[in-house]
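An overview of the molecular structure
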Amino acid sequence: MRRLLIRGDGSARVSERAAGTGPPRGQCRRPAGTPPRPAAPPPVQAAAAGRVCGGAARESSASLIMSVDIHYEQLSDDQWRELLPLMQQQQVVRLVDCGITEARCQDMSSALRGNPALTELDLCNNELGDGGLRVLLQGLHNPACKIQTLSLQNCCLTEAGCGTLPDVLRSLPTLRELYLSYNPLGDAGLQLLCKGLLDPQCHIEKLQVEYCNLTAASCEALAEVLKTKRDLKELMVNSNELGEAGVRALCQGLAASTCPLESLKLESCGLTSANCQDLCGIVASKASLRELYLGNNKLGDTGIAELCPGLLSPSSRLKTLWLWECDITASGCRHLCRVLRTKESLKELSMAGNEVGDEGARLLCDTLLEPSCRLESLWVKSCSFTAACCQHFSTMLARNTCLLELQLGSNKLGDDGVQELCTGLSQPGTTLRELWLGDCEVTNSGCSSLAALLLTNHSLRQLDVSNNCMSDPGVLQLAESLQQPSCTLEKLVLFDIYVSEHTDDRLRALEESKPGLKIVY
């Protein structure tokens, strides 16, 4: 991908980089409880990456996309003037957190009006305001515009700005992805948006409206969109107070819908156990559904028991199930284990922040030993585990060949627990690639076990031991193992681990000597 880079003297140039290495499309902030995603690089780092990946490339190459891609850079007037003509010819324009206000929207609107190649516009984290949005959309309101992705998260948009959306959505039949999260649209604004979404010329496939001050009053309009539109594949409404009644209305819309919905995200929406019966029907009837995010809702064991029959349905092909902080105990864990044993399609499960305890850990580990369980990622951070459960994890890790990622952070495992884990991971044929042990009360003694593991285990690629009780001696033990040619670890995370200047120098020298290794702290 070619991207515009800002030089130190303030001038701009277009460079090239491999396609697909930028930040996730349509996401400016990471929803709570989800795995961390790569942050967008600051311009200086981006420039370095551009020089490394640069070289001659033809615009006709399928692997290259012409792009203006700038993040977290307050653009001067000179830089802005230099950017404008480039916006008239690039396929992708990303100006994330660049200090763009309503005053600059007129310039941008004029530039984009003359760009028939534009397919993606990302202006996240800029104070455009409703006035800026109106002016900006005028530039897209022309027959030649072929935009497919529009990202406007955290742009200070309100109900007033939504008034312009129906006409725009009607005039942009190529638009497939619309991201409006972190704007206080309110119920009235959402209803205006839905008016545009219902237009026959609108073919939106992905809609994100998290943190938009929505309530149950918005759900009838959203349900109508779900019933009517056959294109919608992803709906994200996280962190809106929809409540039990609002979610029931959404489920009723989905039940009557023929849309091929693949992802439904309802985290922090005020769901209760009563909603799980509605969701059970959706999971059972929507064979297209692959992702269900229900974190931070008070579902409880009763809700999980209601949901699981849908998950066990022969037609269910769910791949990702996110249930962090849902008031689940070992009893609810038992129901989920039945699903894990039965559904080979389920690959990712988060139960972070649920007090399932050591008994829940035992149930999960026993299930992961079953050949029919094909889970690849398990998040059980803050689940009230102790060292006593680590023998179960150790046995499971020594024999399971499917699990690739295990998040055990914020559990009181201690050095004894970590030693048990290392015993299992030291066995031949283990396949785990990512292990998260942040805030697990690991000391320098535990580092000895981990250092030995790094020399015998050849599957592990990422190890996170952030916020533990280790100091220079423990970190240096890890560094000694990392230095060995037989160590295949690619990333060591040491956030909130305080080391001396001498140890800092050693870690930096180690990174320079092993280009494939990254140490983060």
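Let us now look at the packing of helix α12 (residues 330–342) against helix α13 (residues 357–368). Remark: α12 packs on α13, axes separated minimally by 9 Å, with the N-to-C direction vectors making an angle of 5°. Relative to α13, the element α12 lies roughly parallel. Residues Ala-330, Cys-333, Arg-334, Cys-337, Leu-340 and Arg-341 of α12 form the contact with α13, whose own contacting residues are Glu-359, Gly-360, Leu-363, Leu-364 and Thr-367.

One can find Ala-388 in the loop between β14 (377–379) and α14 (390–399). The spacing of Ala-388 and Asp-416 is 28 residues in sequence and 8.9 Å in space, taken between C-alpha atoms.

Nonpolar side chains tend to gather and get buried jointly when the protein is soluble and globular. The biggest cluster of nonpolar side chains holds 148 residues, and the ones touching the most others in it are Leu-95, Leu-266, Phe-393 and Leu-437. Setting aside anything within four residues of it in sequence, one finds Leu-266 in contact with Val-237, Asn-238, Leu-242, Val-247, Leu-250, Leu-271, Leu-279, Tyr-293, Leu-294 and Asn-297. With five residues, the next largest nonpolar core counts Tyr-293, Trp-322, Trp-324 and Trp-379 among its residues.

Glancing now at the packing of helix α17 (residues 472–483) against helix α18 (residues 501–513). At a minimum axis separation of 10 Å, α17 and α18 run at an interaxial angle of 15°. The angle between α17 and α18 falls in the class roughly parallel. You can see that α17 and α18 cross each other, and the crossing is left-handed. Side by side, α17 and α18 meet where Asp-472, Val-475, Leu-476, Ala-479, Glu-480, Leu-482 and Gln-483 of the first sit next to Thr-503, Arg-506, Leu-507 and Leu-510 of the second. Looking at the contact of α17 with α18 residue by residue, the classes come out as six nonpolar, two polar and three charged.

Turning our eyes to something else, we now look at unusual backbone geometry. Notably, Asp-97 is not glycine yet its phi reads approximately 55°, a positive angle. What makes Asp-97 partly exposed here is its relative accessible area of 28%. Even without being glycine, Asn-296 reaches a positive phi, approximately 60°. The residue Asn-296 is located in the loop between β11 (291–293) and α11 (300–311) in this model.

Right, let's talk about the pairing of strand β3 (residues 67–71) for a bit. With respect to burial, β3 is a largely interior element, five of its five residues being buried. Along β3, one buried face is formed by Ser-67, Asp-69 and His-71 and the opposite face, lined by Val-68 and Ile-70, is buried too. Of the pairings in the sheet, the one linking β3 to strand β4 (residues 92–96) comprises five bridges and is parallel in character. By the bridge assignment, His-71 is partnered in β4 with Val-96. With respect to chirality, the unit in which β3 leads through helix α2 (residues 77–87) into the neighbouring parallel β4 is right-handed.

Below, the discussion takes up the pattern of salt bridges. On inspection of all chains with the given rule, the structure shows 17 salt bridges. Of the charged contacts in the structure, one is a salt bridge between Asp-78 and Arg-81, with a shortest N-O distance of 2.3 Å. Here the residue Asp-78 and the residue Arg-81 both occupy positions in helix α2, the gap between them amounting to three residues, near one helical turn. Comparing Asp-78 with Arg-81, the two get one shared label, exposed.

Further remarks concern the environment of Gly-417. Positionally, Gly-417 belongs in helix α15 (residues 414–425). Between the C-alpha atoms of Gly-417 and Cys-440, which are 23 residues apart in sequence, the distance is 9.2 Å. When residues no more than four places from it in sequence are discounted, the contact partners of Gly-417 are Ala-387 and Cys-390.

Overall, the coordinates contain five aromatic pairs when judged by the stated rule. Among the aromatic residues, those joined into a ring-pair cluster are Tyr-293, Trp-322, Trp-379 and Trp-436.

Now for the environment of Leu-261. Along the polypeptide, Leu-261 turns up in the loop between α9 (243–255) and β10 (263–265). Put simply, Leu-261 and Lys-233 are 28 residues apart on the chain and 4.0 Å apart in space, counted from C-alpha to C-alpha. Excluding its chain neighbours within four sequence positions, the residues that come into contact with Leu-261 are Leu-232, Lys-233, Glu-234, Leu-235, Leu-254, Ser-288 and Leu-289.

Looking now at α13. When the terminal C-alpha atoms of α13 are compared, their 17 Å separation across 12 residues agrees well with the 16 Å that a helix rising 1.5 Å per residue should span. Residues of α13 that are buried: Gly-357, Gly-360, Ala-361, Leu-363, Leu-364, Cys-365, Thr-367 and Leu-368. Each element contacted by the buried residues of α13 is listed here: α12, β14 and α14.

Quick look at the state of the cysteines now. Under the definition given, this model contains zero disulfides. Note on Cys-105: no disulfide assigned, nearest cysteine sulfur contributed by Cys-155 at a separation of 8.6 Å. Of the residues examined, Cys-105 reaches a relative accessible area of 0% and is grouped as buried.

Okay, the confidence of the model for the protein chain next. In the predicted model, the protein chain carries a mean pLDDT of 89, and the fraction of residues at 70 or more is 88%. Contacts of residues 1–63 to residues separated by more than four positions or lying in other chains number 126 contacts, the stretch itself having pLDDT below 50.

What counts, and at which threshold
Residues numbered from 1 in each chain as written. Predicted model: local features only at pLDDT ≥ 70, side-chain atom pairs only at ≥ 80, totals over all residues. Heavy atoms only, no water. Axes fitted to C-alpha atoms, helices over the stretch in contact; angles between N-to-C directions. Helix = DSSP H or I, 4+ residues; strand = E, 2+ residues; numbered from the N terminus. Parallel < 35°, antiparallel > 145°, perpendicular 65-115°, else oblique. Contact = heavy atoms within 4.5 Å. Core = buried A, V, L, I, M, F, W, Y, C linked by side-chain atoms within 4.5 Å. Buried < 20%, exposed > 50% of the residue type's maximum accessible area, 1.4 Å probe, protein only. Left-handed = near helix turned anticlockwise from the far one by under 90°. Nonpolar A, V, L, I, M, F, W, Y, C, P; charged D, E, K, R; others polar. Pairing = 2+ DSSP bridges. Right-handed = clockwise from strand over helix to strand, strands pointing away. Salt bridge = Lys/Arg side-chain N within 4 Å of Asp/Glu carboxyl O. Phe/Tyr/Trp six-rings, centres within 6.5 Å; stacked < 30°, edge-to-face > 60°. Expected span 1.5 Å × (residues − 1). Disulfide = S-S within 2.5 Å. pLDDT = per-residue confidence, 0-100.

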